[in-house]
Amino acid sequence: MKLQLQGITKRFGTFTANDQIDLVVQPGEIHALLGENGAGKSTLMNVLYGLYEPTEGTILVDDAPVAFKGPGDAMAAGIGMVHQHFMLVPVLTVAENIMLGAEQTSRGMLDLRRARKLVRELSDRHHLEVDPDAKVEDLPVGIQQRVEILKALAREAKVLILDEPTAVLTPQETDHLMEVMRSLKEQGTSLVFISHKLREVREVADTITVIRRGKVVGTAEPTATAAELAALMVGRTVQLRVDKEPAQPRDVILDVDKLRVVDAAGQVLVDDISFSVRGGEIYAIAGVQGNGQTELTEAIVGLIEPASGRVVIDGEDVTEDTTYDILRAGVGYVPEDRAHDGLVSSFSIAENLVLDMHDQAPFGGRIQLNNKEIAKNAIARVEEFDVRTTSASAPASTLSGGNQQKVVLARELSRPLRLFVVSQPTRGVDVGSMEFVHKRIVAERDRGAAVLLVSTELDEVVSLADRIGVMYRGAIVGELPPTASAQEFGLLMGGQQGDTGDHDTKESA
Amino acid sequence: MSAPTTDEELVVHHKVVQVGPSRARQTAVAIALIVIGLFVAIVLASTGTHPNAKFGFDAGGARVHVPTLSLPEAPFCIVVGALIVLAGIYHLVRGFTPAAMRWVGSAVGVLFLLAFLAWAGTGGRTVQFTSLLQQGLFLAAPLILGAMGGILCERSGVINVAIEGQMLAGAFAGALLGTVAGLFAGIVAAIVVGGLLGLLLAVFAIRFLVNQVILGVVLNVLALGLTGYLFDAIMANNSNGTDNPGFFGPAKVPLLGDIPVIGPVVFDQNYIIYAMYVIVIVIDVALIRTRWGLRTRAVGEHPQAADTVGINVLRLRYQNVVLGGCVAGLAGALLTIGSVGAFTKNISSGQGFIALAAVIFGRWTPRGALGAALLFGFAGALQSVLSFLNPPLQINSNLLGMLPYVVTIFAVAGLVGRVRAPAADGEPYVKGSA
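Residues numbered from 1 in each chain as written. Chains lettered and ligands numbered in written order. Predicted model: local features only at pLDDT ≥ 70, side-chain atom pairs only at ≥ 80, totals over all residues. Heavy atoms only, no water.

### Let's talk about the overall build of chain A
Point 1. For chain A, the count of helices and strands is 17 helices and 22 strands.
Point 2. Dimensions along the principal axes, computed over C-alpha positions, put chain A at roughly 70 × 50 × 50 Å.
Point 3. Out of the 509 residues in chain A, the part that is buried amounts to 54%.
Point 4. Residue pairs at least 24 apart in sequence account for 67% of intrachain contacts in chain A once pairs closer than 6 positions are excluded.
Point 5. Accessible area of chain A: about 21,600 Å², with a carbon and sulfur share of 48%.
Point 6. Taking the average place of the 52 positive charges on the side chains of chain A and the average place of its 75 negative ones, the gap between the two points comes to 3 Å. (Helix = DSSP H or I, 4+ residues; strand = E, 2+ residues; numbered from the N terminus. Buried < 20%, exposed > 50% of the residue type's maximum accessible area, 1.4 Å probe, protein only. Contact = heavy atoms within 4.5 Å. Areas by Shrake-Rupley, 256 points an atom, 1.4 Å probe, with all protein chains shown as cover. Lys, Arg positive; Asp, Glu negative; His and termini not counted. Charge placed at Lys NZ, Arg CZ, Asp CG, Glu CD.)

Set out below in structure tokens:
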């Protein structure tokens, strides 16, 4: 099936998410849509899948124009989608999820037997092992993704859209997904592969279309180098490496000793973690999202109470201290979800810049705020951190992701820090700001602070850190130097110690 | 603290570990069981006024006579108490699985109730066991139907706090139309009016995204005010012509109605209650086994997922909310043409809220809600039965009326575990907002 987009434009109010996009997906090819976070890839695919109606433009299926009123129409036309956030109902079983919306019934009752059979057939044919009677919420994310793919295949999708499918996968799971994609292609399915990861796109795609700020900026062959693609994607040649001097470690500033965090349900989230970070070095925690990194940082800055263990900063046990006191002790904290935890989005930029200092001179005292000083501070910080805004009194919510992150950084770095805890510093941040953020982090290290960096982006970790601990299921399963290979990281991130990889290939649903 | 949503994602060869109730809770439940058992075996066993308690099993109209049972109260209570203590000790040492605990909990509840009745029956009067159950089911019926109305709504993701109002309006319409055009017209009217209130709820909740809890409260006030006003305007001065519908009396099912105990309880009730049996069974089966049920569950849990497979989320919600209103309206009809045969102001008197509680305590399942509503109904019947008996210690009936709710709270906290609503319950669905 040939799929063609002609002049697709999608506007939300004054914001143009997609601007005159042309795209042709040939039958039986893997067409990669490469672009940064926020470039408009997902919007485009939601238009294609009938979730959004395009403001302008036409979609052609086998050269005939179609208009999708909803996903049902898109599916009927043979378009299937694997969403970035899975569209699976957690409490239903695999078979129920796959039959949903296209249920077979016999005498008015659901024909679950047929659904199970269908699941088994499809999973055999495409080598996507899955138990049809398992509840989706009990399945690991990698398997849930298989269910999503099977769901689309069960609807006889001729074109399968995969929206950032590797974001939640380990390197090994990613490799498996690539195999699945190739085998689907061989069986005649066209695939649209949305990603911002150059390596994956180059590995699997037949054609690459690059999107930047809602526009198609070019197409490339998979033989193009990573640097060429990156340049297309960000619009200029960027430095993929961070320039930094070798670290000059000093005394230990942060010492984490057998820290353990248990949630209300009794699940161990942080499992006996011990490490220390010296002044003048960057210690990074790598790992796939959701392996306890969030809880680790929150426990260190006192946002959640650890079940046992100690956090020591500059020789002082701060485990029992409040977050307020910990920040006073010279800790800067950039939370991973800046829009939610890092900023009060309805407050002005100026107010956000003094959130943690509003009760201190010169910004205020016990009762009154000194708005003049707050405004003065804002102007200085906006200038220093190159925050792109029309006014410092604009609400933080009006800023782009990168600029919001600069505001958080500006606030945290405007105090003299001993320890700087930064979580996912460049998530949703454009490449221009990314460089800036990285430079500031390195500068903080060179000033002598201890930096604890938590990131799921391996590239970022490798280029910034001096030492790297890999977290898996709540524990640090290994430490590696930044020079270690991606393979070594991948194994640790998947929970396998390098030398005992014997159960590596076994997979059971 | 954010939950590790993807904690298990990397583990291909691991099973997800179910975290059971904590050790502390298990101990607390076990100790509670032991205390209850000791109370039965010591206090209830030793304070009976007469050695024997009489249980009668006959109820009006039964053809088969069941002899009155004379039970030695003290030994009975000691045995029952010992059983409960044993269950407690087992739970303390080995621990029941959550699934088994649900059965054990129910069994302990029934045993305790029997021991309590035996104790109360030592006052010299016979405990009319069958009519107690019959009365209990009768009192539970409006709660059961109301709860079914709530479940229809909430499983598709719309909170229905307006059950009370729907029942009240149904009760009024049933009485009015029942008088003017006959009892069956009354039933239809109750269903229609309940459905209309459901439609109102649906339009504001789904179309205009009004907060559903507040909306429900407002609809209740609306129903209360409107029926009160109409009662004054139409019924108060002409009660014979407008508020005298008569009522559906018990209609015994041939043969089945003659089964001892079960017959009078289950098969000697009125038509609306028979309809209720059908409704409960249909909803229970349909929710799990039919296309409608699967879609309803999907829409209540993850509407966007349903939308992406081409299900019309809003239409299904409209449909279910209106249907739920209809069922709640029928529940209202039970209050007038199903029992007393007249409407009075605020005749529902909070039963819609009890029905809502039954929905929640029943974990949004038809069976669970049925169980909870039955518990509430039987507790109500027990209250009236106790006033006829002459128990060794007179218990204030208000305190007794409180008991089922206290028991439910403990049962839910201790035995059932975390109550989980449909994930999208109360969340309006707006296309493309996620």
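### Quick notes on helix 2 (residues 73-93) of chain B
Side chains three or four residues apart in an α-helix point the same way, a direct result of the helix having 3.6 residues per turn.
Point 1. With 21 residues, helix 2 of chain B extends 30 Å between its outermost C-alpha atoms, agreeing within 8% with the 30 Å of an ideal straight helix rising 1.5 Å per residue.
Point 2. The secondary structure elements touched by the buried residues of helix 2 of chain B are helix 1 (23-47), strand 1 (52-56), strand 2 (69-72) and helix 3 (98-120) of chain B. (Expected span 1.5 Å × (residues − 1).)

### Considerations on the side chain of A:Thr319
Residue and element names in this part refer to chain A.
Point 1. Tracing the sequence through the fold places Thr-319 in the loop between strand 17 (316-317) and helix 10 (323-328).
Point 2. Its relative accessible area of 13% is what places Thr-319 among the buried residues.
Point 3. Within the local environment of Thr-319, its side chain forms a polar contact with the backbone nitrogen of Val-311, the two atoms lying 2.9 Å apart.
Point 4. Looking at Thr-319, its side chain comes within polar contact range of the side chain of Asp-317, at 2.4 Å.
Point 5. With near-sequence residues (within four places) excluded, Thr-319 lies in contact with Pro-306, Gly-309, Arg-310 and Val-311. (Polar contact = N/O pair within 3.5 Å; in protein donor to acceptor, adjacent residues only side chain to side chain.)

### Focus: the environment of B:Gln269
Point 1. Among the secondary structure elements, B:Gln269 is positioned in strand 5 (residues 268-269).
Point 2. Residues in contact with B:Gln269, not counting those within four places in the same chain, are B:Gln134, B:Leu137, B:Phe138, B:Gly249, B:Pro250, B:Ala251, B:Tyr274 and B:Tyr277.

### Remarks on the confidence of the model for chain B
Residues and elements named next belong to chain B.
Point 1. Per-residue confidence for chain B gives a mean pLDDT of 87, with 91% of residues at or over 70.
Point 2. Ignoring residues within four places in sequence, the model shows residues 1-20, a span with pLDDT below 50, making 51 contacts including any to other chains.
Point 3. Complex prediction metrics read pTM 0.76 and ipTM 0.83. (pLDDT = per-residue confidence, 0-100.)

### Observations concerning the domain arrangement of chain B
Much of the literature gives interface size as the accessible area that the parts lose upon coming together.
Residue and element names in this part refer to chain B.
Point 1. Along its sequence, chain B is organised into domain 1 (21-124) and domain 2 (132-412).
Point 2. A separation of 31 Å is found between the C-alpha centroids of domain 1 and domain 2.
Point 3. Listed by partner, the interface residues are 19 residues for domain 1 and 18 residues for domain 2.
Point 4. Carbon and sulfur atoms supply 70% of the area that domain 1 and domain 2 bury against each other, a total of about 1,400 Å² over both sides. (Domains from an automatic or database assignment. Buried area = accessible area lost by both parts, 1.4 Å probe.)

### Some remarks on the nonpolar core
Point 1. Ranked by internal contacts, the top residues of the largest apolar core, which has 90 residues, are A:Leu44, A:Met45, A:Ile79, A:Val94, A:Ile149 and A:Ile208.
Point 2. In terms of residue count, the dominant contributor to this core is helix 5 (residues 141-154) of chain A (seven residues).
Point 3. Setting aside its immediate chain neighbours within four residues, A:Ile208 contacts A:Ala32, A:Leu34, A:Val201, A:Gly218, A:Thr219, A:Ala220, A:Glu221, A:Pro222 and A:Leu229.
Point 4. Of all hydrophobic cores here, the second largest spans 49 residues; its members include B:Ile283, B:Leu334, B:Ala358 and B:Phe376. (Core = buried A, V, L, I, M, F, W, Y, C linked by side-chain atoms within 4.5 Å.)

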